[in-house]
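Descriptive analysis of the structure
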Amino acid sequence: MPERRLINAAGFAACAALFAYALYAQFHLDLDPCPLCIFQRIGVALLGAVFLAAALHHPRGRGRYGYALVIALAALATAAVAARHMYVQSLPPGSLPSCGAPLSVLLKFMPLGQLIRKVLTGSGECITVNWRFLGLAMPAWVLIWALFLGAAGVAGNLRREGSAAR
């Protein structure tokens, strides 16, 4: 298997594993996701979809630059939401409005731009840290993985086939 295709397939597998763990945490650990968590899931899913498309398409020439760019944008957007969530979690209790309407209700009654703005400001349910691994909350892990996968995806897709260090 060509190296670039392998990197993209591994990126997709990592995103699928991250998404699967998020579902496990929700349905088996009973950790309900807040709106910022859901946005992070969307970012990981989007990043995974781009990795899958790059692995299946495996473009030669300039097409790989397009995939590198889209991977970078998806990874940076996901990292930005995770960083925002980390910031919200670092605020003192009571500094954010109490829990708002569920995301499903907001989707029905708000325009998309206003919904995104409202979610990114955070609310009471986004401040709760109810899961840690090695001392880091879930948004910190999403940030780390998004940056790592974005860097690997960009580097892997910018690399010419057969240009691995010998």
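Up top is the structure these notes are about.
All of the points below concern the structure found in this document. Treat the numbers as computed from the prediction; the structure is a model and nothing was measured.

Conventions we followed
- Residues numbered from 1 in each chain as written.
- Predicted model: local features only at pLDDT ≥ 70, side-chain atom pairs only at ≥ 80, totals over all residues.
- Heavy atoms only, no water.
- Helix = DSSP H or I, 4+ residues; strand = E, 2+ residues; numbered from the N terminus.
- Buried < 20%, exposed > 50% of the residue type's maximum accessible area, 1.4 Å probe, protein only.
- Contact = heavy atoms within 4.5 Å.
- Areas by Shrake-Rupley, 256 points an atom, 1.4 Å probe, with all protein chains shown as cover.
- Salt bridge = Lys/Arg side-chain N within 4 Å of Asp/Glu carboxyl O.
- Core = buried A, V, L, I, M, F, W, Y, C linked by side-chain atoms within 4.5 Å.

With that settled, the discussion passes to the overall build of the protein. For the protein, the count of helices and strands is six helices and two strands. Along the protein, helices and strands appear, N-terminal first, in the series α-α-α-α-α-β-β-α. Counting across all 166 residues of the protein, residues that qualify as buried make up 36%. Of all intrachain contacts in the protein linking residues separated by at least 6 positions in sequence, the fraction that spans at least 24 positions is 83%. Surface exposure of the protein reaches about 9,500 Å², of which carbon and sulfur atoms provide 69%.

Positive phi outside glycine occurs at Asp30, with the angle close to 60 degrees. With respect to the helices and strands, the residue Asp30 is situated in the loop between helix 1 (3–27) and helix 2 (35–57). Take Asp30: its relative accessible area is 62%, and that puts it in the exposed class. Notably, His58 is not glycine yet its phi reads approximately 45 degrees, a positive angle. Along the polypeptide, His58 turns up in the loop between helix 2 and helix 3 (63–90). The class for His58 is buried, based on a relative accessible area of 8%.

Let's shift gears to the pattern of salt bridges. The full count for this structure, using the stated rule, is one salt bridge. For the salt bridge of Glu3 with Arg159, the shortest nitrogen-to-oxygen distance reads 2.4 Å. On the criterion of sequence distance, the pair formed by Glu3 in helix 1 and Arg159 in the segment after helix 6 (138–158) is long-range, its members being 156 residues apart.

Our focus in this paragraph is the nonpolar core. In terms of nonpolar packing, the biggest core is built from 17 residues, with Cys15, Leu47, Phe51, Ile71 and Leu149 touching the most fellow members. Elements with a minimum of two residues in this core: helix 1, helix 2, helix 3 and helix 6. Ranked by residues supplied to this core, first place goes to helix 3 with six residues. The next biggest cluster of nonpolar side chains, apart from the first, holds five residues, and it includes Cys34, Phe39, Val81 and Val88.

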